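Single-letter residue listing:
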Amino acid sequence: MTVDNKVFKDSVSRRAFLSTAAMGASSLAFGLKTPAIAQSVPLKVGVMLPFSGTFAKLGQFIERGFQLYVDEKSGALGGRRIEFVRLDDESKPETATDNINRLVGRDKVDVVLGTVHSGVAMAMVKVARDTGVPLIIPNAGADEATGPLCASNIFRTSFSNWQVSQPMGKVMFDEGYRNVVTITWRYAAGTQMTKGFKEGFEKAGGKIVEDLTLPFPEVEFQALITRIAQLKPDAVFAFFAGGGAVKFVTDYAAAGLKGKIPLYGTGFLTDGTLPAQGAAAEGIRTTLHYADDLDTPSNRRFLQNFKTKTGEDGDIYAVQGYDSAALLEAGLVAAGGDIQARDKVFGAMAMAQIDSPRGPLSFSVAHNPVQNIYLREVRNGENVLVSTAGSAVADPARGCKMG
Ligand code: PHB
């Protein structure tokens, strides 16, 4: 469902407009083709994200991060004024194909930004492969998107499900845990993150006691938490995110397991959720490609600007949105703003090196981020850096044949 059609005219400063016009004029003067035409029309970005349901806040923060970057560039990327067409995908795979087809076919967007949920992203990847529309995935970790379904027009600025979970296997083994229970939602992201963790943990010598699951997006955790108490593992590995993560972490503490059976997971368990989780989240250790207190100029500036603009603390989702705009800009700059110059756009995006708030960000041949994976711990309501669990971690991109 298209909920809104926003043209951010207000955010385009006179200066940006004038510089766009000036670039057009100078390219004419030097006899260059297309940029003047390309730059006179806005670039339409189809934003397909969850704006309702358990992942609503994730979608909102991705969009705000993207918007922040565009605003910092006075409303234009690579000389093209940015216009948005928004669509709430509700994290529903069953309507995902129709939704992206509507953006591409009816709304004629130039590029699609989306989404959060791996199942929805799989449908989007298929349409992107069929239509050739440039797709930037700002969260969903579905391994296939930069594996067997990789394509020249598909880029991801977030992570693969394997990438954020596999390093936790060694971390937990090294911390002394041998018997671990996993718990997650029964859908692509949960299954793949559990598998990635298991790969790392078993390789180190650990043993999975039981895999517990419930359907997405259910949050009736009581029976499963009771089962954990019965099994008495050394520790628990969990993937939940958004509203589900808030409920799981608070239920786990309320059941009395906090402090008895240590809770670990991928960083989504505690990212963007800490104000709502409060004391229940203190001490939880997770792996992710971000930590709140990364002490770099890029992260400090990002967090400050995000706070000034939105009044809220930035999180990994906002970072992923922000970097998506930076990646798109790299492509547009190389092509003089002409998104139809596919080879130039995708070539530059593939080679982009971004000074991200998360640390150095580059891309694998499969167009998945190559990035550090950090071990973090919740201390006083922040995901604080403990150590770097893996430097410049690249997904193995199993099955990717880039055409
Ligand atoms: C996913 O479905 O891939 C997913 C959703 C939410 C997250 C992380 C991954 O926070």
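So, how was this worked out
Residues numbered from 1 in each chain as written. Predicted model: local features only at pLDDT ≥ 70, side-chain atom pairs only at ≥ 80, totals over all residues. Heavy atoms only, no water. Helix = DSSP H or I, 4+ residues; strand = E, 2+ residues; numbered from the N terminus. Rg over C-alpha atoms; globule rule 2.2 N^0.38 Å. Buried < 20%, exposed > 50% of the residue type's maximum accessible area, 1.4 Å probe, protein only. Contact = heavy atoms within 4.5 Å. Areas by Shrake-Rupley, 256 points an atom, 1.4 Å probe, with all protein chains shown as cover. Lys, Arg positive; Asp, Glu negative; His and termini not counted. Charge placed at Lys NZ, Arg CZ, Asp CG, Glu CD. Pairing = 2+ DSSP bridges. 1 Å grid on protein atoms, 1.4 Å probe; cavity = no way out; pocket = protein on both sides within 12 Å on 5 of 7 lines; lining within 4 Å. Points joined across faces, edges and corners; volume = space filled by probe spheres on them. Domains from an automatic or database assignment. Core = buried A, V, L, I, M, F, W, Y, C linked by side-chain atoms within 4.5 Å. Buried area = accessible area lost by both parts, 1.4 Å probe. Axes fitted to C-alpha atoms, helices over the stretch in contact; angles between N-to-C directions. Parallel < 35°, antiparallel > 145°, perpendicular 65-115°, else oblique. Nonpolar A, V, L, I, M, F, W, Y, C, P; charged D, E, K, R; others polar.

Caption draft 1: Spatial organisation of the overall build of the chain. Along its length, the chain carries 13 helices and 16 strands. The C-alpha atoms of the chain give a radius of gyration of 21 Å, which matches the 22 Å a tight globule of 403 residues would have. Overall, the chain is about 75 × 40 × 40 Å in size when its C-alpha atoms are taken along their principal axes. Going through the 403 residues of the chain one by one, you find that 58% of them count as buried. Of the contacts formed within the chain by residues at least 6 apart in sequence, a portion of 70% connects residues at least 24 apart. Carbon and sulfur atoms form 54% of the exposed surface of the chain, whose accessible area is close to 15,600 Å². For the chain, the separation between the mean place of its 43 positive charges and that of its 42 negative charges on side chains is 3 Å.

Caption draft 2: Spotlight on the pairing of strand β15 (residues 369–379). Of all 11 residues making up β15, 10 are buried, and the element is well covered by its neighbours. Of the strand pairs in this sheet, strand β12 (residues 285–288) and β15 are connected by 4 bridges, and their pairing is antiparallel. Paired with Thr287 across the two strands is Leu375, which belongs to β15. As defined by bridge partners, β15 adjoins strand β16 (residues 382–393) across 8 bridges and the pair is classed as antiparallel. The residue bridging Gln371 from the neighbouring strand is Val393, located in β16. Hairpin geometry of β15 and β16 is characterised by an intervening segment of 2 residues between the two adjacent antiparallel strands and by a positive phi of about 50° at Asn380.

Caption draft 3: Summary view of empty space enclosed by the protein. Using the criterion set out here, one finds 1 cavity of 30 Å³ or more in the structure. Of the voids in this model, the largest cavity is the one considered here, and its volume is about 80 Å³. The two domains that each donate at least three residues to the lining of the largest cavity are domain 1 (5–159 + 293–371) and domain 2 (162–288).

Caption draft 4: Structural context of the nonpolar core. Counting residues in hydrophobic clusters, the biggest one holds 83 residues, and the most contacted among them are Val45, Phe240, Phe248 and Leu328. At 10 residues, the largest contribution of residues to this core is made by helix α12 (residues 316–334). No fewer than three residues from each of domain 1 (5–159 + 293–371) and domain 2 (162–288) sit in this core. Leu103, Ala121, Ala145 and Ala151 belong to the second-largest nonpolar core, a separate cluster that totals 26 residues.

Caption draft 5: Spatial organisation of the domain arrangement of the chain. On domain assignment, one finds that the chain holds domain 1 (5–159 + 293–371) and domain 2 (162–288). Computed from C-alpha coordinates alone, the two centres of domain 1 and domain 2 are separated by 31 Å. Across the boundary between the two partners, domain 1 contributes 20 residues, which contact 19 residues of domain 2. Approximately 1,400 Å² of surface area, both sides summed, lies buried where domain 1 meets domain 2, with 57% of it carried by carbon and sulfur atoms.

Caption draft 6: Spatial organisation of the packing of helix α11 (residues 297–310) against α12. At a minimum axis distance of 12 Å, the contact between α11 and α12 shows a crossing angle of 100°. Compared by their axis directions, α11 and α12 come out roughly perpendicular. Of the residues in α12, those in contact with Arg301, Phe302 and Phe306 of α11 are Ala318, Val319 and Tyr322. By residue class, the composition of the contact of α11 with α12 is 5 nonpolar, no polar and 1 charged.

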